[in-house]
Amino acid sequence: MVEESFTVMDNIKLCEGVYKMTLMPSSGYAQSIKCGQFMAVEVPCRQDSLLKRPFAIYNYDEEKRQISFCYKVVGKGTEHLSRVEKGQALRGAYPLGNGFKIDEGQKRVILVGGGVGIFPLYSVFKAYPDKVFYSVMGFKERCDVILTKEFEERSSELILCTEDGSMGEAGFVTEALRRNIERIMPDLMLCCGPRPMLKALKDVMRNYPHIPVQVSIEERMACGIGACLVCACAVRKNGKVVNKRVCRDGPVFSLYEVEL
Amino acid sequence: MVEESFTVMDNIKLCEGVYKMTLMPSSGYAQSIKCGQFMAVEVPCRQDSLLKRPFAIYNYDEEKRQISFCYKVVGKGTEHLSRVEKGQALRGAYPLGNGFKIDEGQKRVILVGGGVGIFPLYSVFKAYPDKVFYSVMGFKERCDVILTKEFEERSSELILCTEDGSMGEAGFVTEALRRNIERIMPDLMLCCGPRPMLKALKDVMRNYPHIPVQVSIEERMACGIGACLVCACAVRKNGKVVNKRVCRDGPVFSLYEVEL
Amino acid sequence: MANLEVTFCGKKFKNPVIAASGTFGFGREYAEVYDISALGGIATKGITLKRREGNSPPRIAETYGGILNSVGLQNPGVREFLEKELGFLKSHGTVVIVNIAGSTEGEYCEMARLISRSEADMIELNISCPNVKEGGLTFGSRPESIESITRLVKASMEGDMPLIVKLSPNVASISEVAVAAEEGGADAVSLINTITGMAVDVRTRRPVLANITGGLSGPCIKPIALRMVYEAYRAVKIPIIGMGGIMTAEDAVEFMLCGASLVQVGTANLIRLDACKRIIEGLEKYCLENGIKDISELTGSLITE
Amino acid sequence: MANLEVTFCGKKFKNPVIAASGTFGFGREYAEVYDISALGGIATKGITLKRREGNSPPRIAETYGGILNSVGLQNPGVREFLEKELGFLKSHGTVVIVNIAGSTEGEYCEMARLISRSEADMIELNISCPNVKEGGLTFGSRPESIESITRLVKASMEGDMPLIVKLSPNVASISEVAVAAEEGGADAVSLINTITGMAVDVRTRRPVLANITGGLSGPCIKPIALRMVYEAYRAVKIPIIGMGGIMTAEDAVEFMLCGASLVQVGTANLIRLDACKRIIEGLEKYCLENGIKDISELTGSLITE
Ligand SMILES: Cc1cc2nc3c(=O)[nH]c(=O)nc-3n(C[C@H](O)[C@H](O)[C@H](O)COP(=O)(O)OP(=O)(O)OC[C@H]3O[C@@H](n4cnc5c(N)ncnc54)[C@H](O)[C@@H]3O)c2cc1C
Ligand SMILES: Cc1cc2nc3c(=O)[nH]c(=O)nc-3n(C[C@H](O)[C@H](O)[C@H](O)COP(=O)(O)OP(=O)(O)OC[C@H]3O[C@@H](n4cnc5c(N)ncnc54)[C@H](O)[C@@H]3O)c2cc1C
Ligand SMILES: Cc1cc2nc3c(=O)[nH]c(=O)nc-3n(C[C@H](O)[C@H](O)[C@H](O)COP(=O)(O)O)c2cc1C
Ligand SMILES: Cc1cc2nc3c(=O)[nH]c(=O)nc-3n(C[C@H](O)[C@H](O)[C@H](O)COP(=O)(O)O)c2cc1C
Ligand code: FES
Ligand code: FES
């Protein structure tokens, strides 16, 4: 867990409003990163965006010592980031959070991602090269569809869907999941997406209580390291609801524990 | 008096810590500018520098529609400006203030400038091509000396001095003036420099009460147009002291009126 | 097109945007920059009974996201204002609000009487000034003195000119002082005035302002101002003019959602000369994009479950 | 080298920089980022008698030059703190200040007694919490209640642990409340706590925070905090801990010039994890460059003619 300056190696557009940024830590020192962890990036020239923005670590190239994340422009901070140029310096803290964890016995792993929720999932391929992956990716419409090639290459099957049916199967990703889960019957599900999707997912998974589901949760953050208690997420444990820190106790929780 | 966006045509270093910036109004529309007027420039990327910074208009090229000012880096805002690059956009308001005024009968005009105080003086050459100018310029040391060629070309005599004697005459500009004024005996004096210099000047001029002296005053500003009353300068008129607005009633006042 | 017009204390404002007191002079300078008849209203620089020269410079300091000013009510006095400035202001067909400040109750009342006889539209009572009788404590810091000064001023006004009381944020409870103004007979309240602050120059080890302290304004105070408008709205029935750090149309909408019927724009004018005009244009756009037919719908419509 | 050590209420601080309550947890997380024994002191997250889960998210909003938080005192309760966290904190050889909050006088006193028996160094009384007895008005808004709570807490403490009263800025007169704390027997005051504020999302037309209002902190409040420290310094004889928007060593110096003997750094930790460390290094540099032999020389040395 360090905070340091990075050099922007690349900041490319993946599709309208979605970018991929690649950074190199200026210390040259490499941190060990677990899949599903995130980094927090300072917004340059920030009058009303003092806080760092959290982004899932999309890829980490240990050899080149380059770390990348993908992001969607949704507000002031991401807007600023999208205008950052190659060669600029950015501060950031990494690696943060707990990450996904796949046990020895879990061989068949299904990844379920909605929209920008697919980003944290990509890092598991590299971290667990021996597993068999199935990817279910959902987007609003054709023009939002991204990174399918990257996921396809590393999955034994990719199910793509768009809400308006303009590409892949038509409808919500959770419905595509419902149609395919019996057939795939994974040992573990890893998932990330907006709250409504997670709620629908809970409903779909009601019939498969034996399949563990790990979800990566989003909440607004300040420190990013677990000290300020700003990023609360209500988690039910042994019947009691307690507030956990998304940045430290998460961002990955069991779907069955988090109060959505 | 307009506020608009400008394109930075140039931002060159004149000497250590002193720069000249050339701007082109993006409207293409040309304002008529009087010598000694100033402009107010917004500081880009400004969290703690919301207000525009006032700078004397150094030169105005009507044909090219380019306006330039020279500035010394003394704080946050000027530091930022010094890092602005060619092609960037900057907002600014201009032309502001009253400016210097030379009457018909005033033929021999002496310009007295201390340090960055020389900048507002340069614009009078162009505005009054028929006058005979004498320039007295003072700097701290050799490495601060700037724009002497520009002033020399347009003056029938240039007296240069540095406080440490490393170039030109040794000592304060006001002392050089004292030694030369009898000989030159100008019809009018235009002057700009730090407060202590203006005080010394008042002392030198005590013996020549018939020579009118116009001084360009500096004060911290907000609106720059005369509405907020932030830039007060105490001026004595008919025995009464009233607060005048440097940005509108000035920046040029009679030396004998301003309370220093 | 959306209706931006707001009727407030019986006066018609073309739109909810008023140039705030002290940042717009008497309109003359801004009139050279753009057509100020576009404004909903103009609040004048604070007027006192007698001419005042104000404080010594430096009168301005910059802070993170704001400015501190210590102008100290430099103004020509109420009589010269009425004679030489009011006519110009009125000629633009925008609502003219005369901001007044006194150091005794008598001063306030005399000014209010003179102005109530003029063609000005409204009076805004600046009660953030030190009260000489109470040993320098401002009129605006205690509910009892707010109620009493409001009542006295209201009583000394002739005709039916509305009286706005401008609240100081330097209080323990803004709802308490808003209620005090209402009980004193104010037709409306405006808030917030500047927050007392200070800046220090570590190089010289001196305060930046000659006056040591000054009034903080600008975007940095917006969260405080919004909260106070929200609280005041739930405490009083009279309408509210909201201000404090409004830079954009969105900021203005935020104040209206929290309960403001009108807004004032101060510091923004100093940063961008055409700020008010841009905010008005932005409000038009906001209404269009959000299907708002009448901008007054926004007032108090914050959703809090 | 300059002497950065400060003796404050009989306690030795290596340097005047304390990590402010609520932004540094119990030190564990920052200890993974840098060696926190470099700090002058650490003020813990606000502790309550019983465990608290705090408010619903979102608990944070960004504003111009600041942040609003509504964490709502999430903490494990005083007993678990003393058992599981205090030891770790104490192991770093830095002064440990336990920040406590209660909703009744009894709660405050019980906590103070328990802590005064522990190896903690000081107690910081957070009186910005709503007082259930007074119907939600905070303990910190009225001088009388500040004096009484200070006296009661002081009386319930065993041994000679110093008591710091942390003042709320949401008051009409900071000198009045500082004097009240002094008269109640406080050994020191710290100021300022956060200023109540609010942020609105114009898109959803809702408050950004689930709790509607929150506490404003960060560089935007520095001018207000500096002014309050300056006023408090002239009103009381007990020493002062200054805070509010300190981001750099220069900011810390400004607070000391205005009268603070020590400073706390809050929001800056969230923005740059090593903020406190950098500020300490910056203070060393400032002293060197300005020929200051003992940093305490700075306290109250503002030149005002
Ligand atoms: C652990 C974690 C990992 C994330 N990974 C990614 C990622 O890989 N790619 C990606 O595009 N986004 C990711 N996000 C979301 C991302 O952090 C936000 O979109 C970003 O911070 C918004 O910044 P902004 O300044 O553009 O938005 P703002 O202008 O601050 O706000 C715009 C909107 O974004 C929402 N928002 C703001 N901050 C957050 C936040 N921290 N979490 C969720 N929503 C927020 C607000 O509710 C608001 O509606 C992640 C969030 C978390 C907590
Ligand atoms: C009418 C007028 C014309 C000017 N012309 C020129 C010019 O041609 N070239 C030039 O280099 N400078 C000129 N100045 C001064 C220039 O405006 C300031 O140096 C500049 O605003 C400082 O900005 P900053 O952000 O770098 O300084 P800050 O960080 O704001 O302050 C640094 C120091 O500069 C001083 N300062 C700040 N603002 C002003 C101000 N408005 N006037 C005087 N001192 C100030 C402060 O007292 C402080 O000590 C002029 C000022 C005026 C009023
Ligand atoms: C330079 C300046 C002068 C001001 N003078 C007055 C005044 O004379 N009377 C008054 O009631 N308010 C005065 N104010 C306060 C503003 O009207 C307004 O209440 C405050 O600045 C908050 O709004 P803002 O953040 O939009 O500026 C002044 C503000 C500034 C910046
Ligand atoms: C996230 C957060 C949590 C806080 N929690 C507490 C707290 O529990 N007790 C307390 O007395 N102050 C608390 N504060 C206030 C700070 O200690 C400090 O007084 C305030 O933030 C001003 O300083 P700053 O601008 O440096 O942050 C908190 C502040 C923040 C930002
Ligand atoms: S962001 Fe500070 S605890 Fe999670
Ligand atoms: S800067 Fe506003 S009146 Fe001069």
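Caption draft 1: View of the site of ligand 4. Residue and element names in this part refer to chain D. Neighbouring ligand 4 are 22 residues, the closest being Ser21, Asn99, Lys166, Gly245 and Thr267. At 2.9 Å from an oxygen atom of ligand 4 is found a side-chain nitrogen or oxygen belonging to asparagine 99. At 2.9 Å, a backbone N or O of glycine 218 approaches an oxygen atom of ligand 4. Taken together, the residues that form the shell around ligand 4 break down as five nonpolar, 15 polar and two charged.

Caption draft 2: Expanded view of the interface of chain C and chain D. With 43 residues of chain C at the contact, the number on the chain D side is 43 residues. Per-residue buried area on chain C facing chain D is highest for Met198, Val202 and Arg205 of chain C; these three make up 20% of the total on that side. Here chain C and chain D share two salt bridges between them. Of the charged contacts, one joins glutamate 305 of chain D and arginine 206 of chain C as a salt bridge, the two residues approaching to 3.1 Å between their closest N and O atoms. One can count 10 residue pairs in polar contact (both at pLDDT 80 or more) joining chain C with chain D. Secondary structure elements with two or more residues in the side of chain C that touches chain D: β11 (195-198), β13 (206-207), β14 (213-217), α6 (222-235) and α7 (249-258) of chain C.

Caption draft 3: Structural view of helix α5 (residues 174-184) of chain C. Residue and element names in this part refer to chain C. Listing the buried residues of α5 in full gives Ile174, Val177, Ala178, Ala180, Ala181 and Gly184. Taken end-on, α5 shows its buried residues confined to a sector of 155 degrees, consistent with a single buried face. Looking at the buried side of α5, the elements it contacts are α4 (143-156), β9 (163-166), β10 (188-191) and α6. The first or second residue beyond α5 is glycine 185, which carries a positive phi of 105 degrees.

Caption draft 4: A look at the domain arrangement of chain A. All names here are of chain A. Each assigned domain of chain A is listed here: domain 1 (2-96) and domain 2 (108-254). Of note, the centres of domain 1 and domain 2, computed from C-alpha atoms alone, are 22 Å apart. Opposite the 19 residues of domain 1 that make contact, domain 2 presents 21 residues. Approximately 1,700 Å² of surface area, both sides summed, lies buried where domain 1 meets domain 2, with 70% of it carried by carbon and sulfur atoms. Linking domain 1 to domain 2 there are zero salt bridges.

The rules behind the values
- Residues numbered from 1 in each chain as written.
- Chains lettered and ligands numbered in written order.
- Predicted model: local features only at pLDDT ≥ 70, side-chain atom pairs only at ≥ 80, totals over all residues.
- Heavy atoms only, no water.
- Near = heavy atom within 4 Å.
- Polar contact = N/O pair within 3.5 Å; in protein donor to acceptor, adjacent residues only side chain to side chain.
- Nonpolar A, V, L, I, M, F, W, Y, C, P; charged D, E, K, R; others polar.
- Contact = heavy atoms within 4.5 Å.
- Buried area = accessible area lost by both parts, 1.4 Å probe.
- Salt bridge = Lys/Arg side-chain N within 4 Å of Asp/Glu carboxyl O.
- Helix = DSSP H or I, 4+ residues; strand = E, 2+ residues; numbered from the N terminus.
- Buried < 20%, exposed > 50% of the residue type's maximum accessible area, 1.4 Å probe, protein only.
- Arc of directions from axis to C-beta.
- Domains from an automatic or database assignment.

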